[in-house]
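# Observations on the model geometry
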Amino acid sequence: MATPNDTNKPNPLQDKLIEHSYDGIQEYDNPMPRWWLMTFAGTIIFSVIYVFNVGPVGNGNGRVADYEADMAAYAKAHPAPTGGDMSGDQLLALARDHEATEEGEETYKAYCASCHAPDGGGLIGPNLTDAYWLHGGAITDIYKTVTNGVLEKGMPPWGKTLKAQQLAEVVAYVSTLQGTTPASPKAPQGTPVTP
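Counting restarts for each chain, with residues numbered from 1 along the sequence as it is written. For a predicted model such as this one, the threshold for reporting local features is a pLDDT of at least 70, and the threshold for listing and counting side-chain atom pairs is 80 or more; totals across whole chains, interfaces and linings nevertheless cover every residue. Note that the side-chain values use all heavy atoms of the structure and ignore hydrogens as well as water.

### Thoughts on the overall build of the chain
For clarity, the threshold we go by: By definition, any uninterrupted DSSP run of H or I lasting at least four residues is a helix, any uninterrupted run of E lasting at least two residues is a strand, and each is numbered from the N terminus. Surface accessibility follows the Shrake-Rupley procedure with a 1.4 Å probe radius. Residue values consider only the protein chains on display as shielding.
On a plain count of helices and strands, the chain comes out with 8 helices and 4 strands. Each helix and strand of the chain, placed in order from N terminus to C terminus, yields the pattern α-β-β-α-α-α-α-α-β-α-α-β. Working note: accessible area of the chain is about 14100 Å², and carbon and sulfur atoms make up 58% of it.

### Overview of the pattern of salt bridges
So the rule is basically this: Think of a salt bridge as a Lys or Arg side-chain nitrogen and an Asp or Glu carboxyl oxygen that are within 4 Å of each other. Under the scheme applied here, a residue whose accessible area is under 20% of the maximum for its type counts as buried, over 50% as exposed, and between as partly exposed, the area being computed with a 1.4 Å probe on protein chains only.
Across all of its chains, the model carries 1 salt bridge by this definition. For the salt bridge of Glu105 with Lys109, the shortest nitrogen-to-oxygen distance reads 3.3 Å. Here Lys109 and Glu105 lie together in helix 5 (residues 98-111), a separation of 4 residues that amounts to about one turn. The class of Glu105 is partly exposed, set by a relative accessible area of 24%.

### Side note on the nonpolar core
Quick note on the threshold: Joining through side-chain atoms within 4.5 Å is the link that ties buried Ala, Val, Leu, Ile, Met, Phe, Trp, Tyr and Cys residues into a set, and such a set is a nonpolar core. Note on contacts: a residue pair qualifies if any of its non-hydrogen atoms lie within 4.5 Å across the two residues.
Within the largest apolar cluster, 25 residues are counted, with the highest numbers of intra-cluster contacts made by Tyr108, Val146 and Val171. Looking at this core, the elements with two or more residues in it are helix 4 (88-96), helix 5, helix 7 (139-148) and helix 8 (164-177). Looking at this core element by element, the count peaks at 8 residues for helix 8. Residue contacts for Val146: discarding those within four places in its chain leaves Met155, Pro156, Pro157, Trp158, Gly159, Leu167, Val170 and Val171.

### Looking at the side chain of Thr145
For the record, the criterion: Any pair of nitrogen or oxygen atoms within 3.5 Å is treated as a polar contact; in protein, a donor-acceptor pairing is required on top of that, and neighbouring residues in sequence qualify only through side-chain atoms on both sides.
Along the chain, Thr145 turns up in helix 7. A polar contact of 2.9 Å, which involves the side chain of Thr145, links it to the backbone oxygen of Asp141. Residue contacts for Thr145: discarding those within four places in its chain leaves His135, Val150 and Met155.

### A word on the packing of helix 5 against helix 8
Just so we agree on the cut-off: Helix axes use the C-alpha atoms of the stretch in contact, all axes being lines fitted to C-alpha atoms, and the angles between their N-to-C directions lie in the range 0 to 180 degrees. Any angle from 65 to 115 degrees is called roughly perpendicular, while one under 35 is roughly parallel, one over 145 is roughly antiparallel, and all others are oblique. Residues were grouped as follows: Ala, Val, Leu, Ile, Met, Phe, Trp, Tyr, Cys and Pro as nonpolar; Asp, Glu, Lys and Arg as charged; and all remaining residues, including Gly, as polar.
For the pair helix 5 and helix 8, interaxial distance at closest approach is 7 Å and the crossing angle is 95 degrees. One element, helix 5, and the other, helix 8, form an angle in the roughly perpendicular class. Contact residues: Ala100, Thr101, Glu103, Gly104, Glu105, Thr107 and Tyr108 in helix 5; Gln166, Glu169, Val170, Ala172, Tyr173, Val174, Thr176 and Leu177 in helix 8. Tallied by class, residues from the contact of helix 5 with helix 8 come to 7 nonpolar, 5 polar and 3 charged.

Next comes the structure, spelled out in structure tokens:
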């Protein structure tokens, strides 16, 4: 009968030991369990199907088609502001209304002064008091610029944030700034627009 210390009998555990050791510790060379390997293979197959989404998998049209349909439905329900809601005559009438321009000044100070300066002389944004305009100086052009923004220059589309009345009042106020003398005006930008 062989004892555990008998060196003549082959030891199956000894055969599975890896040759090298680290800090006196040897490892067994055991394969991964089959269930673990199958789960791993399944996750790889699922990820390929999920990423490429070649048509419908299960119910529906697939996640890409569902996303595009949802975006189209949202765009239809929430059209982008066009800036064409107010006519030039309506905006000019607001510019002559002292109460409307006071309301517009409050909105301007809250949202616009950080970029255009409290007196309209320009900081990050352009000077609003001179005759030079980057996106048109007519009151309807100003309305479109404020409504739609200029994202490439960092101006957000205020038509999505402000109410229609606030938008019209702030444009009316900005139109009254032209020809005023700010404390430290920014250099002219854009093309000159004659009133």
